[in-house]
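# Residue-level structure breakdown
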Amino acid sequence: MTATVVAAPEVPAVPEAERRRGRVLEGLRGYGLIVAMWIRSTMTYRTSFALSVFGNAAITFLDFLAIFIMFSHVDVLGGFTLPEIALLYGSCSASLGLADLLMGNTDRIGVRIRDGSLDTMLVRPVPVLAQVAADRFALRRLGRVGQGLGVLGWALWTLDVDWTAGKVLLVPVMIVAGAAIFAAVMVAGAAFQFLAGDAAEVQNSFTYGGCTMLQYPPTIFAKDLLRGVTFVVPLAFVNWLPALHVLGRPDPLGLPGWVAYLSPLVAFAVFLPASLAWRAGVRSYRSTGS
C-alpha cells in the first residue's frame, strides 16, 4: 500500500509594492497609537498642559519680538519691510513647529543608541522610525505652531498682495511642504547618528538654525549661501521661494517664478534619500549588549 503525498497549496507571492504599502500603514497605525497614549497622559493635567503650550508660544515669540524691536530703528532690512519679514518668520516658524511636533524626537536616537534602549524598539512589531518619532510626543509644541500661524496671519492681513488663485493655494502648501522638508532633514540627521553616535546638534543646526536663517530676507545673504540652501540642502523651498512669489519679488538667483510651486516635489526628493539612509542606519546598528 503506497502513501499519497499531498502537496501543500502554493501561497501566492505578495508584490513588493503591496508589502511596502502594508509596512507604511502599519507604521502609521503604530505611530497613531503611541501618540494617542502620550496625549492621554498629557491631558491628565490640563492646566499644566495649557501653561506649557502658552510658555512654548511665548518663548518662541521672543525671536519675532527681537525683529520687531530692530524695526523700531530701521524701516527696511534688505529691502523688506516688517510685514514682509513677518511673512517669512511666520511661515518658517509654523513649518518647523509642525515638523518638530510630529518628528522632533528623532534627535534623541543618539541617546538610545548609547544606552541600548533602541534594542527594545527593534523587537516590537512597529517600525522603529514610527516609535522614535512618537516617543514622548510633546503636544505642548503646538505653541510654536500657533504662534507662527498668528504672525503669518497678521502679515497676510497687513500686506498689500495681488492675490491670485495660485498664490492663495501656495500659502498652505508652503506650510505643509516646509514641514515635510524639515521632517526629512530630521530623519537624515537621525540616520547620521547611527554613524556619529550622538550628533543631535548637527541635526539641530540644519533645522532650528536653518529656520533662524529663513526668518530673514534672502537679499542679505551671500549668493554662495543662497545656492547652497537651494541646490544642496533645499531649505529655500521651505519659505523663501514661495514667499518671494507671493510678494511678487524676484529671486536673487534669478530662478523663474514657477519654481515656488515645487516645494512638495522637493520635500519628496529630500525624504527619499533620508528614508534610505535611515534604513541603512538601522541595518548597520549593533546592540550595546546591555
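This text gives an overview of the structure that appears in the document. Quick caveat: nothing in here was measured; it's all calculated off a predicted structure. (Residues numbered from 1 in each chain as written. Predicted model: local features only at pLDDT ≥ 70, side-chain atom pairs only at ≥ 80, totals over all residues. Heavy atoms only, no water.)

This part takes up the overall build of the protein. When you go through the protein residue by residue, the secondary structure sums to twelve helices and zero strands. Helices and strands in the protein line up, N terminus first, as α-α-α-α-α-α-α-α-α-α-α-α. Considering only C-alpha atoms, the protein reaches an extent of 100 × 45 × 35 Å along its principal axes. Looking at the protein alone, contacts between residues at least 24 apart form 78% of all its contacts between residues at least 6 apart. When the accessible surface of the protein is totalled, it reaches about 15,500 Å², and 67% of it is carbon and sulfur. (Helix = DSSP H or I, 4+ residues; strand = E, 2+ residues; numbered from the N terminus. Contact = heavy atoms within 4.5 Å. Areas by Shrake-Rupley, 256 points an atom, 1.4 Å probe, with all protein chains shown as cover.)

Our next topic: the nonpolar core. Judged by nonpolar contacts, the single largest core of 75 residues is most densely connected at Ile-109, Leu-118, Phe-182, Leu-214, Leu-235, Trp-240 and Trp-278. Top element by residues in this core is helix α8 (residues 165-196). It accounts for 15 residues. Those residues in contact with Trp-278, other than ones at most four positions away along the chain, are Ile-109, Val-128, Leu-129, Val-132, Val-187, Ala-190, Ala-191 and Phe-194. (Core = buried A, V, L, I, M, F, W, Y, C linked by side-chain atoms within 4.5 Å. Buried < 20%, exposed > 50% of the residue type's maximum accessible area, 1.4 Å probe, protein only.)

Turning to the packing of aromatic side chains, a few remarks are in order. Applying the stated criterion to the full structure yields five aromatic pairs. Considering the side-chain rings of Phe-61 and Phe-64, the 5.9 Å spacing of their centres and the 50 degrees angle between planes classify their relative orientation as tilted. Of the two residues, Phe-61 and Phe-64 are both situated in helix α2 (residues 46-70); the distance of three residues between them amounts to about one turn of the helix. Classification of Phe-61 by relative accessible area gives partly exposed; the value is 35%. Their ring planes at 40 degrees and their centres at 5.2 Å tell us that Phe-64 and Tyr-89 sit as a pair that is tilted. Of this pair, Phe-64 sits in helix α2 while Tyr-89 sits in helix α3 (residues 82-103), placing them 25 residues apart in sequence. Take Phe-64 and Tyr-89: they sit in the same class, and that class is buried. Pairwise contacts between aromatic rings join Phe-61, Phe-64 and Tyr-89 into one cluster. (Phe/Tyr/Trp six-rings, centres within 6.5 Å; stacked < 30°, edge-to-face > 60°.)

Distances and angles like these do not, on their own, reveal function.
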